[in-house]
There are 2 protein chains.
Amino acid sequence: MKEIALGIDIGGTNTVFGFIDREGICISEGSLPTQKHADVENYLDELFQLIDTAKSNLAYDIDIKGIGIGAPNASYYTGTIEQAANLRWKGSVPLVELVQKRLDVPVYITNDANAAAMGEKVFGAARDMNNFMVITLGTGLGSGIFANGDVLYGHDGFAGEVGHMIVRKSGRECGCGRKGCLETYVSATGVKRSVYKLLARHNGGSELRDIPFNQLTAKMVAEAANRGDEVATETFTYTATILGEVLANVVAVTSPEAIFLFGGLTKAGDILFDPVRKTLEENLLTIYKNKIKVLPSGLTDNAAVLGCAALVWNKKK
Amino acid sequence: MKEIALGIDIGGTNTVFGFIDREGICISEGSLPTQKHADVENYLDELFQLIDTAKSNLAYDIDIKGIGIGAPNASYYTGTIEQAANLRWKGSVPLVELVQKRLDVPVYITNDANAAAMGEKVFGAARDMNNFMVITLGTGLGSGIFANGDVLYGHDGFAGEVGHMIVRKSGRECGCGRKGCLETYVSATGVKRSVYKLLARHNGGSELRDIPFNQLTAKMVAEAANRGDEVATETFTYTATILGEVLANVVAVTSPEAIFLFGGLTKAGDILFDPVRKTLEENLLTIYKNKIKVLPSGLTDNAAVLGCAALVWNKKK
């Protein structure tokens, strides 16, 4: 009987689950829309029906050794999701307890960026590292930090909210209710906002002038930049410069061996990575200079689900 | 035979050593000027003569179980002091190796702020905490961070340089060669610089107008503030506001249970702590609000040497 870990990545839009073996191979996966059910028990009913079906469709028997869950505002310590702005389940949801009632195996939960960091450690490019950081660049900016060989959860399980470091006093409005948070500048949404800031400032032509804000995607901006569009290029430089400056400050706290960038925005490639590396080095304290690698994530397919499953395998070494 | 740890705190001005028992009692201490010897072996000759004399002067025999050293730019991993700007020994000094040749017991070294954090954990107010931070406010600003129950050393042993987070772009010149570092604002020296900034800005009377920069101390500013001097009071508010803002950002990285302030500047009391707490709360992300204590260090006498000795006792639990 093949031993597997069940990874469940609960995103604002979709929930993706997968059966992941010890080598990080995903032998089956499935999904459902996270927002379909207002009641979390109804959501879990459908999710576990899908999981049972996927299990019975396999050509061989599997033994589920544990479940790892990534979810917004999830606390590793309490096993709960706390007031997640992007989910329909309000207040404090004791997800680990609810899942364990359905399948009595070890269940771990943490936020998606911590899961990404665990995935990088167990299956990705950080297997030999004990101190590193993963920055997830999606709609927002998440961060997962490894220190002394383990995820830095902090006192309450909520460490690693680098996306909500305030980087511009009285800056852009953030979904968290404050102003000037890093993720309002450095994220897919931040890139869109910066395009409009720069279109307002500059006078010259740009293919981006024909696209309404609500239709613009960070991918379009990256493509335009790679075609030589000046506003698009400057947008990535602006974004990467802010990220590099802030990472230099975060390095002064945690001193990592490497910083991995993860998520859709990293597909932009050199136009993102080059100015991040340059600005980081320019702003580092001397003792950190020329030491810290800025790398793309070593996880590609099923990255989110792999990270969740890694929460299980990390405990079963 | 009484078991003790030998703590050695190497400061820019003085080196202080002490014999510390498991309960944190200092049974004997001594000192010598750190800058007296240009050669580190000559320095260690005199230091160990003093230690031997102190040992033979005791009324009973002691068994030295280990040595803990706090020093600027010291790496826990390599046992070296690296290019310390304030010491006469240049380059990389293999201090652990040199000390171990003289006394063959376990020898640990780290920077003074990490030692302070270890002291807080073993002997101070953080005995029951696994995630906390100590900010040392002296000539500069040091930081020692506990995460997951241990000092956060980072990849190279140099984590926790919060004093060199850049908090004002193109701000005050720092001894590190860059501009705008936190310690140029928040430290005894930072307080002095802020006094002169505010004396330049304001027109009114202040007792501080009669004191030349080189004679002014942060203690004088605190005393003037407590007598109601407006410039002195505003200086502490200004200092504490910057510290509170930056701590809110550091909390988003490490999520500590408490932040301890340590060092001479903390004797200023409420005029420092109150605005730090207020600004911290105002700038925290919602999930951290009303959770994080800002406290004075629980260590009083022999605090630096206690912290060094704690490096030994922490390993012998």
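Residues numbered from 1 in each chain as written. Chains lettered and ligands numbered in written order. Predicted model: local features only at pLDDT ≥ 70, side-chain atom pairs only at ≥ 80, totals over all residues. Heavy atoms only, no water.

A.B. asks: Summarise the sheet that holds strand β9 (residues 132–137) of chain B; cite the residues concerned and give the values.
C.D. replies: All names here are of chain B. The five strands lie next to each other as β11-β10-β9-β12-β13, forming an open sheet whose pairing is mixed. The sheet terminates laterally at β11 (150–151) and β13 (293–296), the two strands that pair on one side only. Where strand β12 (residues 258–262) meets β13, four bridges bridge the pair, whose relative direction is parallel. Paired with Phe 260 across the bridge in β13 is Leu 295. In this fold helix α6 (residues 230–254) packs onto β9, β10 (141–147) and β12, with an angle of close to 150 degrees to the strand it touches most, β9. (Pairing = 2+ DSSP bridges. Helix = DSSP H or I, 4+ residues; strand = E, 2+ residues; numbered from the N terminus. Contact = heavy atoms within 4.5 Å. Axes fitted to C-alpha atoms, helices over the stretch in contact; angles between N-to-C directions.)

A.B. asks: Talk me through the sheet that holds strand β7 (residues 92–93) of chain B; I want residue IDs and the actual numbers.
C.D. replies: Ordered in space as β5-β6-β7 (chain B), the three strands form an open sheet in which the pairing is antiparallel. Looking at the sheet topology across the chains shown, the edges are occupied by β5 (74–75) and β7 of chain B.

A.B. asks: Could you give an account of helix α2 (residues 95–102) of chain A, with specific residues and numbers?
C.D. replies: Those residues of α2 of chain A lying buried are Leu 95, Val 96, Leu 98 and Val 99 of chain A. Seen end-on, α2 of chain A carries its buried residues on one side only, within an arc spanning 165 degrees. (Buried < 20%, exposed > 50% of the residue type's maximum accessible area, 1.4 Å probe, protein only. Arc of directions from axis to C-beta.)

A.B. asks: So, the interface of chain A and chain B: which residues are in play, and what are the values?
C.D. replies: Facing 40 residues of chain A, the contacting portion of chain B comprises 40 residues. Ranking the residues of chain A by area buried against chain B places His 155, Val 253 and Leu 285 of chain A at the top, with a combined share of 19%. Linking chain A with chain B are four salt bridges, by the criterion used here. For Lys 291 of chain B, the salt bridge is made with Asp 156 of chain A, and the minimal N-O distance between the two is 2.9 Å. If you look at where chain A meets chain B, you find 24 residue pairs in polar contact (both at pLDDT 80 or more). Elements that contribute at least two residues to the side of chain A that touches chain B include exactly β9 (141–147), β10 (150–151) and α6 (230–254) of chain A. For the side of chain A that touches chain B, the leading source of residues is α6 of chain A, giving six residues. (Buried area = accessible area lost by both parts, 1.4 Å probe. Salt bridge = Lys/Arg side-chain N within 4 Å of Asp/Glu carboxyl O. Polar contact = N/O pair within 3.5 Å; in protein donor to acceptor, adjacent residues only side chain to side chain.)

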